[in-house]
Amino acid sequence: MKKTKDIFGEIVPELKKQKFNIDIDEFLDFIGHYDFTYLISPSEVQGKLKISIVDTYKLLEFLAQHKYLEPVIPVYCPYCNVYSGYYYDTIGEIPNKLTCLYCKQEISDPLQTAVIFYKIPLRKQDINY
Ligand SMILES: [Zn+2]
């Protein structure tokens with residue numbers, strides 16, 4: 001299986017063209033510590049790369065467009081203070097209300113407590129490496 005650092009190494013020329021205000025080596029070192037199932041939070045990326053939250057989302061969205069990252073959007077339950085058990089791929093998929101899988105309370109505006117994370121997708125070419 002290919003290492004995440006090597007996978008992201010492939011997109012370095014594109015990242016350089018985009019002129020993101022980041023230290024590419026630092027970024028590779030950081031992303032290389034993540035495995036495929038881990039949920040990466042934008043604030044973690046922002047803190048590590050010391051860039052603005054706007055630049056952070058631009059970078060993460062760029063990587064998502066190129067299939068190097070995949071958004072994962074869990075809805076947090078305001079009643080039991082854990083993730084409600086629902087995960088979405090896009091903001092548009094989140095319904096107007098949800099019933100928490102754990103406490104069974106109705107979450108009336110799930111968009112309010114949805115959080116965007118990103119994960120590294122497992123690509124076929126990386127498994128057969
Ligand atoms: Zn709950």
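Our subject is the structure that appears above.
Student: Sorry, what's going on with the pairing of strand β1 (residues 70-76) here?
Tutor: Pairing of β1 with strand β5 (residues 117-119), which is carried by three bridges, proceeds in the antiparallel orientation. For V72, the partnering residue across the bridge sits in β5 and is F117. Two elements, β1 and strand β2 (residues 83-88), share three bridges in a ladder whose sense is antiparallel. Looking across to β2, one finds that I73 is bridged to Y88. Once β1 ends, the chain turns through six residues before running back antiparallel as β2, passing N81 with a positive phi of about 55 degrees.

Student: Can you help me understand the sheet that holds β2 in this one?
Tutor: Strand pairing in a sheet takes place through backbone hydrogen bonds and is either antiparallel or parallel in direction. Spatial ordering of the open sheet is given by β2-β1-β5, a layout of three strands whose pairing is antiparallel. The sheet terminates laterally at β2 and β5, the two strands that pair on one side only. Averaged over all pairs of adjacent strands, the angle between their axes in this sheet comes to 35 degrees, without regard to strand direction.

Student: Just to check I follow, could you spell out unusual backbone geometry for this structure?
Tutor: Across residues other than glycine, the phi torsion is negative in most instances, and most of the peptide bonds are trans. Unlike most non-glycine residues, K19 shows phi in positive territory, near 50 degrees. Take K19: it is sitting in the loop between α2 (12-18) and α3 (24-31). For K19, a count of 7 C-beta atoms within 10 Å corresponds to the exposed category. At K104, a position not held by glycine, the phi torsion is positive, near 65 degrees. In this structure, K104 sits in the loop between β3 (98-99) and β4 (106-107).

So, how was this worked out
Residue positions are given per chain, counting from 1 as you read along its sequence in written order. In view of the model being predicted, local features appear only for residues whose pLDDT reaches at least 70, and side-chain atom pairs are presented and counted only at 80 or more, with totals across whole chains, interfaces and linings using the full set of residues. The rule for pairing is simple: two strands pair if DSSP sees at least two bridges between them. Per the convention used, a helix needs a DSSP run of H or I reaching at least four residues, while a strand needs a run of E reaching at least two, with both numbered from the N terminus. The axes are straight lines fitted to the C-alpha atoms, using for helices just the contacting stretch, and the angles between their N-to-C directions are given from 0 to 180°. Exposed residues have 12 or fewer other C-beta atoms within 10 Å of their own C-beta, buried residues have 20 or more, and partly exposed residues fall in between, where C-beta atoms are placed from the backbone.

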